[in-house]
Amino acid sequence: MKILPYETLTIVTPDSLPIVLQRLKANIEPPKALRLSRKHTTYQGSISEEGFQIIRIINYRHSFFPVIRGRFEEQSDQTLIHVQMSVNTGAMAFLGFWLWFWYSAIVPTTVTDIMPSHMAALLIGMPILMLVIFWLAFWSEVRRNHTELTDIIQG
């Protein structure tokens, strides 16, 4: 496991690009702002001859869900799909701002002994616990998406 929420991998299939595109299109639908039905494909996003950008469809909010980008590389007897999974840039920017704001308020009060030490430890440790939870959620989704994409692409 890596520390940063970013993963790259390559999926190799002996099938041609048109077959891979057909399999992906069967499991990717255009993005919708509001999804009322629970009958949908596995992923939403865009796909073209050059590559794709998708995210798994879920029925709940999850800001640290992997955004999946892929590009195709055709070779004589196989197709390579280069995949990158990362957290949405907006979510990472918000997290960075929130951590900066949190610690810029907590650290000065901790250093000046304004609050009890057990309370200071809790306030310093809480964001770290939240980061660990987000990190675990992201990497579990990366594993799941890796398995699902491999199954879809290889048929």
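Residue numbers here run from 1 along each chain, matching the order of that chain's written sequence. Given that this is a predicted model, residues contribute local features only at a pLDDT of at least 70 and side-chain atom pairs are listed and counted only at 80 or more, while totals for whole chains, interfaces and linings are drawn from all residues. With hydrogens and water stripped out, all remaining heavy atoms of the structure feed into the side-chain values.

## Observations concerning the overall build of the chain
The numbering of helices and of strands both runs from the N terminus, where a helix is a DSSP run of H or I of at least 4 residues and a strand a run of E of at least 2. Summing up its helical and strand segments, the chain has three helices and six strands in all. Its helices and strands taken in sequence order, the chain reads β-α-β-β-β-β-β-α-α from the N to the C terminus. For a compact globule of 155 residues, the expected C-alpha radius of gyration is about 15 Å, and the chain comes in at 20 Å, more than 25% above that figure. Principal-axis analysis of the C-alpha atoms gives the chain an extent of 65 × 35 × 20 Å. The cut-offs for exposure are 20% and 50% of the maximum accessible area for each residue type, with area from a 1.4 Å probe on protein chains only; residues under the lower value are buried, those over the upper are exposed, and the others partly exposed. Of all 155 residues assigned to the chain, the portion counted as buried reaches 33%. Contacts between residues were defined by any pair of non-hydrogen atoms, one from each residue, lying within 4.5 Å. Restricting the contact set of the chain to residue pairs at least 6 apart, pairs at least 24 apart contribute 56%. Surface accessibility of the chain: about 9700 Å² in total, with carbon and sulfur atoms responsible for 63%. Asp and Glu count as negative and Lys and Arg as positive, but His and the ends of the chain are not part of the count. The location of each charge is read from NZ of Lys, CZ of Arg, CG of Asp or CD of Glu. Positive and negative side-chain charges of the chain, numbering 13 and 12 respectively, have mean locations separated by a distance of 10 Å. Taken over C-alpha atoms, the radius of gyration is set against a globule rule of 2.2 Å times the number of residues to the power 0.38. For the area figures, the Shrake-Rupley method with a 1.4 Å probe applies, and any residue is considered shielded solely by the protein chains shown.

## Points about the pairing of strand S4 (residues 51–56)
Relative to S4, strand S3 (residues 43–47) runs antiparallel, the two sharing five bridges. The residue bridging Gly45 from the neighbouring strand is Ile54, located in S4. The criterion for strand pairing is that DSSP finds at least two bridges linking the strands in question. If you look at the hairpin formed by S3 and S4, you'll find three residues sitting between the two strands. Bridge analysis of S4 against strand S5 (residues 66–74) gives four bridges, and the strand direction is antiparallel. Looking across to S5, one finds that Phe52 is bridged to Gly70.

## Some thoughts on the nonpolar core
Among the nonpolar cores identified, the biggest contains 26 residues, and Leu24, Phe52, Ile68, Phe72, Ile81, Val83 and Leu149 are the most heavily contacted of them. Those elements giving two or more residues to this core turn out to be strand S1 (6–13), helix H1 (17–25), S4, S5, strand S6 (79–87), helix H2 (89–111) and helix H3 (117–154). When residues in this core are grouped by element, the largest group, six residues, is from H3. When near neighbours in sequence (up to four residues on either side) are disregarded, Ile81 contacts Leu9, Thr10, Ile11, Thr13, Val20, Phe52, Arg71, Phe72 and Ile153. Here, the term nonpolar core denotes a set of buried Ala, Val, Leu, Ile, Met, Phe, Trp, Tyr and Cys residues that are joined through side-chain atoms within 4.5 Å.

## Digging into the pattern of salt bridges
One side-chain nitrogen of Lys or Arg within 4 Å of one carboxyl oxygen of Asp or Glu is enough to make a salt bridge. For the structure shown, the criterion picks out three salt bridges. The shortest N-O distance in the salt bridge between Arg56 and Glu141 comes to 2.7 Å. With a gap of 85 residues between them, Arg56 in strand S4 and Glu141 in helix H3 connect regions that are remote in the sequence. The two residues Arg56 and Glu141 agree in class, both being buried. Linking Glu148 and Arg144 is a salt bridge whose minimum nitrogen-to-oxygen distance equals 3.2 Å. With Glu148 and Arg144 both in helix H3, this residue pair falls four residues apart, about one helical turn.

## Overview of the sheet that holds S4
An order of S1-S6-S5-S4-S3-S2 is seen for the six strands of this open sheet, with the pairing classed as mixed. Of all the strands in the sheet, the pair left with one neighbour each is S1 and strand S2 (28–29). The pairing of S5 with S6 spans nine bridges and is classified as antiparallel. Across the sheet, residue Arg69 finds its bridge partner in S6, namely Gln84. All axes are obtained by fitting lines to C-alpha atoms, using only the stretch in contact for helices, and the reported angles, taken between N-to-C directions, cover 0 to 180 degrees. Contacting S1, S2, S3, S4, S5 and S6, H1 runs over the sheet at an angle of about 160 degrees to S5. Packing of H3 onto the sheet brings it into contact with S1, S3, S4, S5 and S6, and relative to S1 it is tilted by some 15 degrees.

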